[in-house]
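# Residue-level structural notes
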Amino acid sequence: MDRAAEIKQAMDKVAAYQAELARAVEARELERVNELMAQLSVAERRRNRLLQAEATAAGSAGSAPPIREQVIAVLGLLGSPSPVALVRDVSAARFGEIIQPSRLASLRRDEQRSWQAAQRGTTRSQARPTYVTPALTYDRFAPMRGVLALSSWSLEARLIGPTSPRADLLRVIARLCDEADHAGDAPWTPDLRRLLWKFTRTIAGAISADDELTNSRLRDAAQRELGQITDADKAERSGAAERARRLDPEEQLFGTSLHVSTPSEAAG
Amino acid sequence: MTAHRSADLLSRFRGDFPTQDLDARRIAGMLEAPHCERRLIVDAAALNMPVLTDLLDCPPAQVSPHATRRGQEFERRVLDNAMDEVIALTRTHLGMIRTETRQLDLSPSQMRTQNPALDTPAIRRLRVARTRSHIAAMIASSDAALHLVRHPLLELDLAGVPIRLELDVLTCATLGRLTPVEIKSLPLHHHTDADPHKVGAAVRQIAVYLVALRRLVDSCGGKADDIADQALLIMTSGFSLLPEARVVDMRPHVDHHEWVLARQPQAALVLADLPRDVVLPAPPAPDASTGQKQDIKAATQQTVAALPMHYGDSCSSCPMLKFCARQAAAHDAVAQLGTQAANACGSVGTISAAFDLIAGRRNPATGAERAVSADFGRAATALALAGVRLDH
């Protein structure tokens, strides 16, 4: 049977089970409903496998690279821990690749598992140069939800203190301004400028009534603001990094789940 | 009467009925009808309102999924990227300076990720405790104080029962005061401003947070001055998703809520007056027969009907409105005609009794009856002179 006929048959089977399920629900045949749901789920999985295989085979030129490669490329460009939403925006603007949120969800676990497998010795040769890791809180070294970093960055850079989110964002904006400067007439320039325009409104001195928005003006404004907070940020991060170096290597990368409660928290 | 006793009585009353986390909108709705003990108990027991209103044959709340999605998307945009939009708006409207960017995210999803070993109640306790410790540092203006806290969790005592409220953002400039920030996807138009009805609802909701904040600051040894009399309401610019903000004066609303809350009866006192068998049944299982469903519905309606209500104009936004309106109609209550008519009739509770007094079919006995008879008698005479006949 050729591939198209196989897909057609799998899709017909799903449709038939769905129709049968609707009838059973209508007739309130509960046992039959349970049985059909199990059969439907198997049929759907088979259909999805066939369709995914087809999509991968068909899209050789335009297909997206693996999710971790996309994320590493974007984080490499941004240079500082960044929120997932920003990673997705930059991926779309600079690389024209849409990162599906559902695929990001499993990335962290997959990366940790892959790191653990590489450490077990037998598969050490498979160790990757860089892993996508969560940024860690500066006080408890817990993994932060929705903030991504690269394992190749220093511990200080991966720890997030109270000033770090703003400081990192300002650093990222300066990096994006550089990228836009180098882009020239590249096809992604308009998208990147649109993304930068969003930030212009939120940085003091980046925009004025008589001046047109320029990358250098935005970069200068971001760096001016960064200059005012960077010392405090670095001091908190390096202090935290000193303490974090006592953790084992895995905890330094993927965070600790140890909960240390203060007396007031314990009292609730 | 202790909070413990209230919790016990409410738990007995609730039985196996499902609960729902309370939010400030629901508390603000309850405070709009301050004399209604029925709404007080339903909220203090944190009953699941959609399940309850369905069993009471009330129409479900109509929330457009598009509006919900728009609201979520707007909040995400405002809070993403290290709250850069909030920082920009607080600089413009609240005078925050450039170095004031210290922030923390206490939202449930963030706290769950950071503390995977803790269950939901422990996460809540942790959020309340961390909110408290950070607010104490903020009012002490310590060097380690934060300037922006995302989704802090505040506690408020409602009729003897502690409830928890989640604020969008709490800000505090080093030289400023604690100011709540609320994000609402209401369109702010440049010519007509935002819908005053919806802004009013948002303001009443923020006032609930401020009441909780006042109690918290007080318990941390702070002063009333540590909290601003204003809030920042972030809305959308027209129908876009770009944020714009307005500073709203909160003092009258907070004072009103404080006044109402101080006069709320304790839930335990209300429940102690009820017979012990006034207990909600568990809602019907999805596969229950029609007869079983009808029985449970009837039992639920009977239980809720046993809670004393105060039906009036302020009930218009209550989800149980239809149920109470039907009960008022069945009892021929004067309250159906509005709060003004009910006040004018005093202790003359039914419409037919009032008409009997007006038409002279009954002699007034009490002071209230004499007043109704005289006042409405004069009105009836005026109507008769104008050619209107009263057929009741």
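Residues numbered from 1 in each chain as written. Chains lettered and ligands numbered in written order. Predicted model: local features only at pLDDT ≥ 70, side-chain atom pairs only at ≥ 80, totals over all residues. Heavy atoms only, no water.

What follows is about the overall build of chain B. Tallying secondary structure elements over chain B gives 15 helices and 8 strands in all. The dimensions of chain B, computed from C-alpha atoms along their principal axes, are 80 × 50 × 45 Å. For chain B, the proportion of its 392 residues judged to be buried stands at 47%. Long-range pairs, those at least 24 residues apart, make up 66% of the contacts in chain B between residues at least 6 apart in sequence. Placing the 42 positive and 43 negative side-chain charges of chain B at their respective mean positions leaves the two points 1 Å apart. (Helix = DSSP H or I, 4+ residues; strand = E, 2+ residues; numbered from the N terminus. Buried < 20%, exposed > 50% of the residue type's maximum accessible area, 1.4 Å probe, protein only. Contact = heavy atoms within 4.5 Å. Lys, Arg positive; Asp, Glu negative; His and termini not counted. Charge placed at Lys NZ, Arg CZ, Asp CG, Glu CD.)

Before going further, it helps to spend a moment on the sheet that holds strand β3 (residues 143-150) of chain A. Residues and elements named next belong to chain A. Taken in spatial order, the 4 strands of this open sheet run β1-β3-β2-β4, and their pairing is mixed. Every other strand in the sheet has two partners, leaving β1 (82-83) and β4 (159-160) as the edge strands with one partner each. Here strand β2 (residues 132-137) pairs with β4 via 2 bridges, running parallel. Residue pairing in the sheet places Leu136 in a bridge with Leu159 of β4. (Pairing = 2+ DSSP bridges.)

Now for the pattern of salt bridges. Residue and element names in this part refer to chain A. Considering all chains together, one arrives at 48 salt bridges over all chains under this definition. For Arg23, the salt bridge goes to Glu29, with nearest N and O atoms at 3.2 Å. Accessibility expressed as a relative area gives 33% for Glu29, which makes it partly exposed. Across the pair Arg113 and Asp110 runs a salt bridge, and its minimum N-O distance is 3.4 Å. Taken together, the residues Arg113 and Asp110, both in helix α6 (residues 107-119) and 3 residues apart, mark about one turn of the helix. We classify Asp110 as partly exposed; its relative accessible area is 36%. Each member of the salt-bridge network shares a partner with another, and the members are Glu20, Arg23, Glu29, Arg32 and Glu35. (Salt bridge = Lys/Arg side-chain N within 4 Å of Asp/Glu carboxyl O.)

For the rest of this paragraph, the subject is the packing of helix α7 (residues 120-139) of chain B against helix α8 (residues 196-219) of chain B. In helix packing, the relevant descriptors are the interaxial angle and the interaxial distance, both defined with respect to the helix axes. Residues and elements named next belong to chain B. Between α7 and α8, the shortest axis-to-axis distance is 10 Å and the interhelical angle comes to 70°. Relative to α8, the element α7 lies roughly perpendicular. Contact with α7, carried on its side by Thr131, Arg132, Ile135 and Ile139, involves Leu213, Leu216, Val217 and Ser219 of α8 and no other residues of that element. Per-class residue counts for the contact of α7 with α8 are 5 nonpolar, 2 polar and 1 charged. (Axes fitted to C-alpha atoms, helices over the stretch in contact; angles between N-to-C directions. Parallel < 35°, antiparallel > 145°, perpendicular 65-115°, else oblique. Nonpolar A, V, L, I, M, F, W, Y, C, P; charged D, E, K, R; others polar.)

Quick look at the nonpolar core now. The biggest cluster of nonpolar side chains holds 87 residues, and the ones touching the most others in it are Phe13(B), Leu52(B), Ile135(B), Leu158(B), Leu165(B), Leu178(B) and Met250(B). Sorting elements by how many residues they give to this core places α8(B) first, with 13 residues. When near neighbours in sequence (up to four residues on either side) are disregarded, Met250(B) contacts Val203(B), Ile206(B), Ala207(B), Leu210(B), Asp229(B), Gln230(B) and Ala231(B). Counting 39 residues, the second largest nonpolar core, distinct from the first, contains Leu169(A), Leu196(A), Ala222(A) and Ile229(A). (Core = buried A, V, L, I, M, F, W, Y, C linked by side-chain atoms within 4.5 Å.)

Attention now moves to helix α4 (residues 84-95) of chain A. Because each turn of an α-helix spans 3.6 residues, side chains separated by three or four positions in sequence point in the same direction. For α4(A), which comprises 12 residues, the first-to-last C-alpha distance of 16 Å matches the rise-based estimate of 16 Å (1.5 Å per residue) to within 8%. When α4(A) is considered as a whole, its buried residues turn out to be Ala85(A), Leu86(A), Val87(A), Val90(A), Ser91(A), Ala93(A) and Arg94(A). On the buried face of α4(A), the contacting elements are α3 (67-78), β1, α8 (164-183) and α9 (189-200) of chain A together with α5 (65-94) of chain B. Gly96(A), located one to two residues past α4(A), shows a positive phi value of around 65°. (Expected span 1.5 Å × (residues − 1).)

Attention shifts here to the sheet that holds strand β8 (residues 243-249) of chain B. Sheets are built from strands paired through backbone hydrogen bonds, the pairs being either parallel or antiparallel. Residue and element names in this part refer to chain B. Taken in spatial order, the 6 strands line up as β1-β2-β5-β6-β7-β8 in an open sheet, and their pairing is mixed. Of all strands in the sheet, those bounded by a partner on one side alone are β1 (103-105) and β8. Averaged over all pairs of adjacent strands, the angle between their axes in this sheet comes to 25°, without regard to strand direction. Examined bridge by bridge, strand β6 (residues 179-188) and strand β7 (residues 230-237) share 5 bridges and lie parallel to one another. Paired with Val181 across the two strands is Leu232, which belongs to β7. Sheet strands touched by α7: β1, β2 (148-150) and β5 (169-171). Its angle to β5, the strand with the most contacts, is close to 20°.

Residue and element names in this part refer to chain A. Overall, the coordinates contain 1 aromatic pair over all chains when judged by the stated rule. Relative to Phe254, the ring of Trp115 has its centre 6.1 Å away and its plane inclined at 65°; by these criteria the two rings are edge-to-face. Of this pair, Trp115 sits in helix α6 while Phe254 sits in helix α11 (residues 249-254), and the two are 139 residues apart along the sequence. In this structure Trp115 comes out as buried when scored by relative accessible area, which is 11%. Phe254 gets classed as buried once you look at its relative accessible area, which sits at 3%. When the ring centre of Trp188 is taken as reference, the NZ or CZ atom of Arg94 above it lies at 3.7 Å. (Phe/Tyr/Trp six-rings, centres within 6.5 Å; stacked < 30°, edge-to-face > 60°. Lys NZ or Arg CZ within 6 Å of the ring centre and 35° of its normal.)

All names here are of chain B. Mean pLDDT over chain B: 90, with 98% of residues reaching 70 or higher. Looking over chain B, one finds the lowest element-wise mean pLDDT in helix α1 (residues 3-14), namely 83, and the highest in β2, namely 97. Among the scores for the predicted complex, ipTM is 0.82 and pTM is 0.81. (pLDDT = per-residue confidence, 0-100.)

The next thing to look at is the pairing of strand β3 (residues 153-158) of chain B. All names here are of chain B. Pairing of β3 with strand β4 (residues 161-166) involves 6 bridges; the strand directions are antiparallel. Each bridged residue has a counterpart across the sheet, and for Leu153 the counterpart in β4 is Glu166. In sequence, β3 turns back onto β4 through a hairpin of 2 residues, with Ala159 there showing a positive phi of about 50°.

For the rest of this paragraph, the subject is the interface of chain B and chain A. With 30 residues of chain B in contact, the opposing surface of chain A contributes 31 residues. Between chain B and chain A lies a buried interface of about 2800 Å² when both sides are counted; carbon and sulfur atoms form 53% of it. At the boundary of chain B with chain A, the tally comes to 4 salt bridges. Two residues, Arg91(B) and Glu225(A), come together in a salt bridge whose shortest N-O distance is 2.8 Å. Put simply, the parts of the chain that give the side of chain B that touches chain A at least two residues each are α5, α6 (108-114) and α7 of chain B. Here the side of chain B that touches chain A takes 9 residues from α5(B), the largest share from any one element. Of the residues contributing to the side of chain B that touches chain A, the split by class is 11 nonpolar, 9 polar and 10 charged. (Buried area = accessible area lost by both parts, 1.4 Å probe.)

Contact geometry for α8(A) and α5(B): axes closest at 9 Å, N-to-C directions at 100°. Overall, the two elements α8(A) and α5(B) adopt an arrangement that is roughly perpendicular. Contact residues: Pro165(A), Arg166(A) and Leu169(A) in α8(A); Asn81(B), Ala82(B), Asp84(B), Ile87(B) and Arg91(B) in α5(B). Partitioning the contact of α8(A) with α5(B) into residue classes produces 4 nonpolar, 1 polar and 3 charged.

What follows deals with the side chain of Asp84(B). Secondary-structure assignment places Asp84(B) in helix α5. Looking at Asp84(B), its side chain comes within polar contact range of the side chain of Thr202(A), at 3.4 Å. Apart from the residues lying within four places of it in its own chain, the contact partners of Asp84(B) are Arg166(A), Leu169(A), Phe199(A) and Thr202(A). (Polar contact = N/O pair within 3.5 Å; in protein donor to acceptor, adjacent residues only side chain to side chain.)

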